[in-house]
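Here are the chains, one letter per residue:
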Amino acid sequence: MMPVLELELPGDNGAPAMARRAIDERIDDGYDEEQAGTLLLLVTELVTNAILHSGAPGATVLLRVIAAPGHLRVEVHDRGPGFEMHTPKPRGSSGGYGLFLVERMSSRWGVHRNETVYVWFELDRSGH
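A brief structural summary.

Parameters at a glance
Residues numbered from 1 in each chain as written. Predicted model: local features only at pLDDT ≥ 70, side-chain atom pairs only at ≥ 80, totals over all residues. Heavy atoms only, no water. Helix = DSSP H or I, 4+ residues; strand = E, 2+ residues; numbered from the N terminus. Buried < 20%, exposed > 50% of the residue type's maximum accessible area, 1.4 Å probe, protein only. Contact = heavy atoms within 4.5 Å. Polar contact = N/O pair within 3.5 Å; in protein donor to acceptor, adjacent residues only side chain to side chain. Salt bridge = Lys/Arg side-chain N within 4 Å of Asp/Glu carboxyl O. Phe/Tyr/Trp six-rings, centres within 6.5 Å; stacked < 30°, edge-to-face > 60°. Lys NZ or Arg CZ within 6 Å of the ring centre and 35° of its normal. Core = buried A, V, L, I, M, F, W, Y, C linked by side-chain atoms within 4.5 Å. Pairing = 2+ DSSP bridges.

**Thoughts on the environment of E75**
Now for step 1: Relative to the assigned elements, E75 resides in strand β3 (residues 71-77).
Now for step 2: E75 sits in the buried class, given a relative accessible area of 5%.
Now for step 3: Considered as a pair, E75 and Y118 are 43 residues apart in the sequence and their alpha carbons are 6.5 Å apart.
Now for step 4: Residues contacting E75, with those up to four places away along its chain left out, are L62, L63, R64, I66, Y118, V119 and W120.
Now for step 5: Looking at E75, its side chain comes within polar contact range of the side chain of H77, at 3.0 Å.

**Some words on the pattern of salt bridges**
If the charged atoms of two oppositely charged side chains come close together, the side chains can form a pair.
Now for step 1: For the structure shown, the criterion picks out 8 salt bridges.
Now for step 2: Between R104 and E103 there is a salt bridge, and its shortest N-O distance comes to 3.4 Å.
Now for step 3: Taking relative accessible area as the criterion, R104 reaches 58% and is therefore assigned exposed.
Now for step 4: Residue classification places E103 among the partly exposed residues on the basis of a relative accessible area of 30%.
Now for step 5: For the salt bridge of D124 with R108, the shortest nitrogen-to-oxygen distance reads 2.6 Å. Within this pair, whereas D124 is found in strand β5 (residues 117-124), its partner R108 is found in strand β4 (residues 108-113), the two being separated by 16 residues in sequence.
Now for step 6: Residue class for D124 comes out partly exposed when judged on its relative accessible area of 25%.
Now for step 7: What makes R108 partly exposed here is its relative accessible area of 33%.
Now for step 8: If you follow the salt bridges from partner to partner, you end up with E6, R64, R73, E75, R108, E122 and D124 in one network.

**Here we look at the side chain of E122**
Now for step 1: Secondary-structure assignment places E122 in strand β5.
Now for step 2: Within the local environment of E122, its side chain forms a polar contact with the side chain of R73, the two groups lying 3.0 Å apart.
Now for step 3: Reaching out from E122, the side chain makes a polar contact with the side chain of R108 at a distance of 2.6 Å.
Now for step 4: Leave out the neighbours within four places in its chain, and E122 touches H71, L72, R73, S106, S107 and R108.

**A look at the packing of aromatic side chains**
Two measures describe an aromatic ring pair: the distance that separates the ring centres and the angle between the ring planes.
Now for step 1: Under the counting rule described, the total for this entry stands at 0 aromatic pairs.
Now for step 2: When the ring centre of W120 is taken as origin, the NZ or CZ atom of R73, which lies over that ring, is 4.3 Å away.

**Topic: the nonpolar core**
Now for step 1: If you look at the biggest cluster of nonpolar residues, it comprises 29 residues, and the most contacted ones within it are I23, L39, V43, L63 and F121.
Now for step 2: At the level of secondary structure, the elements contributing two or more residues to this core comprise β1 (3-9), α1 (15-26), α2 (33-53), β2 (61-68), β3, α3 (98-105), β4 and β5.
Now for step 3: With 8 residues, the single largest contributor to this core is α2.
Now for step 4: In this structure, L39 is in contact with I23, I27, L72, V74, F121 and L123, ignoring residues within four places of it in sequence.

**Digging into α3**
Now for step 1: Among the residues making up α3, those that are buried are G98, L99, F100 and V102.
Now for step 2: Packed against the buried residues of α3 are α2, β4 and β5.

**Comments concerning the pairing of β5**
Now for step 1: For β5, the tally of buried residues reaches 7 of 8 residues, placing the bulk of the element in the interior.
Now for step 2: One ladder, built from 6 bridges, connects β4 with β5; its direction is antiparallel. Across the sheet, V111 pairs through a bridge with V119, a residue of β5.

Set out below in structure tokens:
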């Protein structure tokens, strides 16, 4: 599978908006309006988490979007040490909803831990 999009983002507050713009410009119309909104929301959450919580302040973040038959896979790579996957719970009014939303709204998600660490999610296309 070849990436539809592979983009290195700056490690700052502008990264989520850059990611959304890039996805809006390049992702095909295989998603209805609700799914497209979900895609943009979840990308925003993972990129924001990578910027704020990776343990690598200011380091670039890699966004990779891969189209596969029946679904779209999104990976967000950062240079931090990673974390152990768990069932996320919202933490309250000060934030902490990112992974909770990813877990609830994506078709599948996880944390890849090998030579690199990244968080990924997949969204099934309508009718699949």
